[in-house]
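Commentary on secondary and tertiary structure
If you want the building blocks of each chain, they are given just below.
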2 protein chains.
Amino acid sequence: MRIVVTGGGGFLAQKLVQSLLIRGFLADTKGRRQEIEKLVLFDLTFAEKDVLDDPRLEYRAGDVCDPAQVREAMIAADSVFHLAAVVSADAEANFDRGMRVNLDGTRNVLEACRVGTSAGNAVMKLVYTSSIAVYGGEEVIDDRTAATPLNSYGSQKAAGELLLNDYSRKGYIDGRGLRLPTIIVRPGKPNKAASSFASSIIREPLTGKSTVCPVSPDSHMPVLSPRRVIEALIHAHDLPGESFHPWRVLLLGGIAPTVGELVEALGHRAGKRFADLIEWEPDQFIQCIVNSWPKRLEAKRAEVLGFQRDSSVEEIIEQFIEEELAGKLPHLA
Amino acid sequence: MRIVVTGGGGFLAQKLVQSLLIRGFLADTKGRRQEIEKLVLFDLTFAEKDVLDDPRLEYRAGDVCDPAQVREAMIAADSVFHLAAVVSADAEANFDRGMRVNLDGTRNVLEACRVGTSAGNAVMKLVYTSSIAVYGGEEVIDDRTAATPLNSYGSQKAAGELLLNDYSRKGYIDGRGLRLPTIIVRPGKPNKAASSFASSIIREPLTGKSTVCPVSPDSHMPVLSPRRVIEALIHAHDLPGESFHPWRVLLLGGIAPTVGELVEALGHRAGKRFADLIEWEPDQFIQCIVNSWPKRLEAKRAEVLGFQRDSSVEEIIEQFIEEELAGKLPHLA
């Protein structure tokens, strides 16, 4: 199989690619296990440190906003994981950029898959990452909750969902969309997502750095760990297309701890001195956004389809320590 | 005020324009009653018979798919009624055309309003016509029902809604979207909407012509009359923007008679010979689409905001006889 991953230089894509290389196969449209022969990573740039040495990998520089580049990258692909996106706070601050990448970019991918399919190949699978940012402030979200986003990122993602579903219904692609909760703990540096702090309050202390928590301890956040997200992307890819009928977009479940619970678990696992690296500096802007996030996700459909959530905040913290710190905590000065 | 109506050559636009010319005013963004000085009708072409002689009217040929033409038409406009669309069966048969007109066309209008606003004018009002085609087969629809369309027209309209809302939230426009039920009785000829028969089974007999009903008498259809739709468009325009907060799109109510009830009412009003002009020829394709339409609309929000629905099928039939037949039925041979 030939697999394309857009946003291939990003954190999720790297995790996905590592998993796929180890796994070595994916299910094709008929559910048959097929070897992964080529994994094309498509992104504007790639950090040199992230480039892996595997003959199956192809690093392809290109812009998801350029229809021709996208089309070319997807020639003869069997499946596409479309992860390229402008994140929430960035899409909010740079409206046109968000529209171009999140909406037009997605359309370019949809069209490239359609062209690939109409060239006589099997219908191309497309795994699309949407977000719970599509919701509009409800406390409890379930599979029937309407997408009425109150931010540009969510609006663009929700528009992409509609197209993903319609392209699938028309038989142009075989699409599968996932509405992801906040992903913690992200490695690396804080990004421009409004939810960036959710990772920072675990990652920064555990790497010996101080950080600021801009929201109150009783703020709820529905979260999913990187490992669970990667499992979900692969599971969504491998499920038969009919599983998603008639609506190709699925809410993923996740636990929704409070920020206080997260920090408490951090203290238990690593010690109070690590938790003390968090300074509490309320930011009304971010608090306001976080207040609009759901406090509970009732993702029955995902559960029935076999998607897994994390069982506890402890598990999420442990995962970060294992995967990103090789199991070791730093010595605090 | 300077008002632009896209799809200005269409049936709804003509009705709207007639109403606006008689009324003579609309509310501006501050709720102040302002005289309508110019009404710009924007469409690909205009039928000569439809062209009215009024100094306030400007007929402007142009393509909603052309950003520059749209921008130019909307220079210095205060409000836009965006009615241009490719209807359901057409959008289904011609996917790319539907995307171009219904989605890209809407984006052109949104951008033109945004440019107009950023030029230092007051925020432009935009009334957007969406449809209950955004729903995905639920029997009962209410204000919280998710838009999960199973047709291209509905998908494109729902994507437009998301953008309308986000442009409004950003302060780029002052948008108001209405999800319209099936509009009956449309004058003129059958069109390419899957719901076209719903008007034909009243209009054709009442103009002395035979027609075919492709669905069973027990099929439900949520309907609204042209008069109520025009009232709704004007009401949506004149309401304060805050009325729509935080979600700029509104489900309109309507009665949902069965096809049998419609035909029975036709027989009562006009006589059995008229009803006998309907031939019943089941068409599985159309029956299937109609089966997916809601059987009841619970549009509380619209009711609270003062939108009116028709009270009976008799009223709808009477309206057609009055407005389109000058109160007179033809003599049947």
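Residue numbers run consecutively from 1 along every chain, following the written order of its sequence. Each chain is given a letter, starting from A, and each ligand a number, starting from 1, according to the order in which they appear as written. This being a predicted model, a pLDDT of at least 70 is required before a residue's local features are given, and a value of 80 or more before pairs of side-chain atoms are given or counted; all residues contribute to the totals for chains, interfaces and linings.

Considering the overall build of chain A
Broken down by element type, chain A carries 12 helices and 15 strands. In summary, chain A has a C-alpha radius of gyration of 19 Å against a globular reference of 20 Å for 333 residues, a match within 12%. Overall, the C-alpha framework of chain A stretches about 60 × 45 × 40 Å when taken along its three principal axes. Exposure classification rests on a simple neighbour count of other C-beta atoms within 10 Å of a residue's own: a residue reaching 20 or more is buried, one at 12 or fewer is exposed, and one in between is partly exposed. C-beta atoms are placed from the backbone. Residues counted as buried form 49% of the 333 residues belonging to chain A. Contact between residues is assigned whenever the C-beta positions, reconstructed from backbone atoms, fall within 7 Å. Taking as baseline every contact in chain A between residues at least 6 positions apart, the subset at least 24 positions apart corresponds to 76%. Segments assigned H or I by DSSP are reported as helices when at least four residues long, segments assigned E as strands when at least two residues long, and all are numbered from the N terminus. Radius of gyration: C-alpha atoms only; globule rule: 2.2 Å multiplied by the number of residues to the exponent 0.38.

Some thoughts on the relation of the copies chain A and chain B
Two chain copies, one operation linking them: a rotation about an axis together with a shift along it. Here the copies are matched by least squares. The fit uses the C-alpha atoms of residues with pLDDT of at least 70 in both. Laying chain A over chain B is done by rotating through 180 degrees and shifting 0.0 Å along the axis; what remains is an RMSD of 0.0 Å. This pairing of chains is accounted for by a two-fold axis. Residues of chain A ranked by C-alpha distance from the rotation axis are headed by A146 of chain A, positioned 1.9 Å from it. Of the interface residues in chain A, 100% have counterparts in chain B that sit at the interface too, so the contact is made through matching surfaces.

A closer look at unusual backbone geometry
Between H245 of chain A and P246 of chain A the backbone carries a cis peptide bond, its omega angle lying at -5 degrees. Position of P246 of chain A among the secondary structure elements: in the loop between α7 (226-238) and β13 (249-251). The backbone of A326 of chain A sits at a positive phi, close to 50 degrees, despite the residue not being glycine. Tracing the backbone through its elements, the reader meets A326 of chain A in the segment after α12 (313-325). You will see that A76 of chain B, though not glycine, has its phi angle at about 65 degrees, which is positive. As for its placement among the helices and strands, A76 of chain B is situated in the loop between α2 (67-73) and β6 (79-82).

Overview of the interface of chain A and chain B
The interface of chain A with chain B comprises 21 residues on the first partner and 21 residues on the second. The biggest single contributor to the side of chain A that touches chain B is helix α5 (residues 152-169) of chain A, with 9 residues. Residue classes in the side of chain A that touches chain B are distributed as 11 nonpolar, 6 polar and 4 charged. Lys, Arg, Asp and Glu make up the charged group, whereas Ala, Val, Leu, Ile, Met, Phe, Trp, Tyr, Cys and Pro make up the nonpolar group; the residues left over, Gly among them, are polar.

Description of helix α12 (residues 313-325) of chain B
All names here are of chain B. Here α12 contains 13 residues, and its C-alpha end-to-end distance of 17 Å stays within 8% of the 18 Å for a straight helix at 1.5 Å per residue. For α12, the full list of buried residues reads V313, I316, I317 and F320. Seen end-on, α12 carries its buried residues on one side only, within an arc spanning 95 degrees. Looking at the packing, one finds that the buried side of α12 touches α6 (196-206), β12 (223-224) and α8 (259-270). In the stretch just after α12, A326 is the one whose phi turns positive, near 50 degrees. Here the expected span of a helix is defined as 1.5 Å times the quantity of residues minus one. To be clear, the arc concerns the directions from the helix axis to the C-beta atoms.

Thoughts on the nonpolar core
Ranked by internal contacts, the top residues of the largest apolar core, which has 196 residues, are V5 and L252 of chain A together with V5 and L252 of chain B. Beyond its immediate sequence surroundings of up to four residues, V5 of chain B is in contact with A13, L16, V17, L39, L41, F42, F81 and L83 of chain B. We define the nonpolar core as any set of buried residues of the types Ala, Val, Leu, Ile, Met, Phe, Trp, Tyr and Cys, connected via C-beta atoms lying within 7 Å of each other.

Side note on the sheet that holds β13 of chain A
All names here are of chain A. Note on pairing: DSSP must find at least two bridges between two strands before they are called paired. Spatial ordering of the open sheet is given by β5-β4-β1-β6-β7-β9-β13, a layout of 7 strands whose pairing is parallel. Sheet topology places β5 (57-61) and β13 at the edges, where each strand pairs with a single neighbour. Recorded for the sheet is a direction-independent mean angle of 20 degrees between the axes of neighbouring strands. Alignment of strand β7 (residues 125-131) against strand β9 (residues 174-180), held across 7 bridges, turns out to be parallel. Note on geometry: axes are C-alpha line fits, over the in-contact stretch for helices, and angles between N-to-C directions span 0 to 180 degrees.

Re the packing of α6 of chain B against α12 of chain B
Residues and elements named next belong to chain B. Interaxial distance between α6 and α12 falls to 11 Å at its minimum, and their mutual angle equals 50 degrees. Relative to α12, the element α6 lies oblique. Our pair here, α6 against α12, has a crossing hand that is right-handed. Of the residues in α12, those in contact with I202, R203 and L206 of α6 are I317, F320, I321 and L325. Looking at the contact of α6 with α12 residue by residue, the classes come out as 6 nonpolar, no polar and 1 charged. These descriptions rest on fixed angle ranges, namely under 35 degrees for roughly parallel, over 145 for roughly antiparallel, 65 to 115 for roughly perpendicular, and the rest for oblique. Left-handed describes a crossing in which the near helix is turned anticlockwise from the far one by less than a right angle; the clockwise case is right-handed.

Examining the sheet that holds β6 of chain B
Residue and element names in this part refer to chain B. In space, the 7 strands of this open sheet follow the order β5-β4-β1-β6-β7-β9-β13, with parallel pairing throughout. Strands with a single pairing partner mark the edges of an open sheet, and in this sheet they are β5 (57-61) and β13 (249-251). Direction aside, the axes of adjacent strands within the sheet are offset by 20 degrees on average. With 3 bridges connecting them, strand β9 (residues 174-180) and β13 associate as parallel partners. Along β13, the bridge assignment pairs R179 with L251.

Remarks on the packing of helix α1 (residues 11-23) of chain A against α7 of chain A
All names here are of chain A. Viewed as axis vectors pointing N to C, α1 and α7 meet at an angle of 65 degrees, and their least axial separation amounts to 10 Å. Crossing hand, α1 versus α7: right-handed. For the pair formed by α1 and α7, the contact residues are L12, K15, L16 and S19 on the first element and P226, V229, I230, L233 and I234 on the second. Here the residues of the contact of α1 with α7 are counted per class, giving 7 nonpolar, 1 polar and 1 charged.

Some details on the environment of I141 of chain B
All names here are of chain B. In this structure, I141 sits in strand β8 (residues 140-142). In this structure I141 comes out as buried when scored by C-beta crowding, with 23 C-beta atoms within 10 Å. Distance in space between the C-alpha atoms of I141 and L297 is 5.0 Å, their sequence separation being 156 residues. Setting aside residues no more than four positions away along its own chain, I141 makes contact with I132, Y135, L251, P294, L297 and E298.

Structural notes on the pairing of β7 of chain A
Residue and element names in this part refer to chain A. Within β7, 7 of the 7 residues are buried, which leaves it mostly tucked inside the rest of the structure. Because side chains alternate across β7, one face comprises the buried residues K125, V127, T129 and S131, and the other comprises L126, Y128 and S130, equally buried. Two strands pair when backbone bridges link them, and strand β6 (residues 79-82) and β7 are joined in this way by 4 bridges, in the parallel orientation. By the bridge assignment, S79 is partnered in β7 with K125.

Notes on the environment of L252 of chain A
Residue and element names in this part refer to chain A. Topologically, L252 is positioned in the loop between β13 and α8 (259-270). You can call L252 buried: it has 27 C-beta atoms within 10 Å. Considering only alpha carbons, one finds L252 and A146, 106 residues apart in sequence, at a separation of 15 Å. In this structure, L252 is in contact with L178, R179, L180, P181, L224, A232, A299, A302 and F307, ignoring residues within four places of it in sequence.

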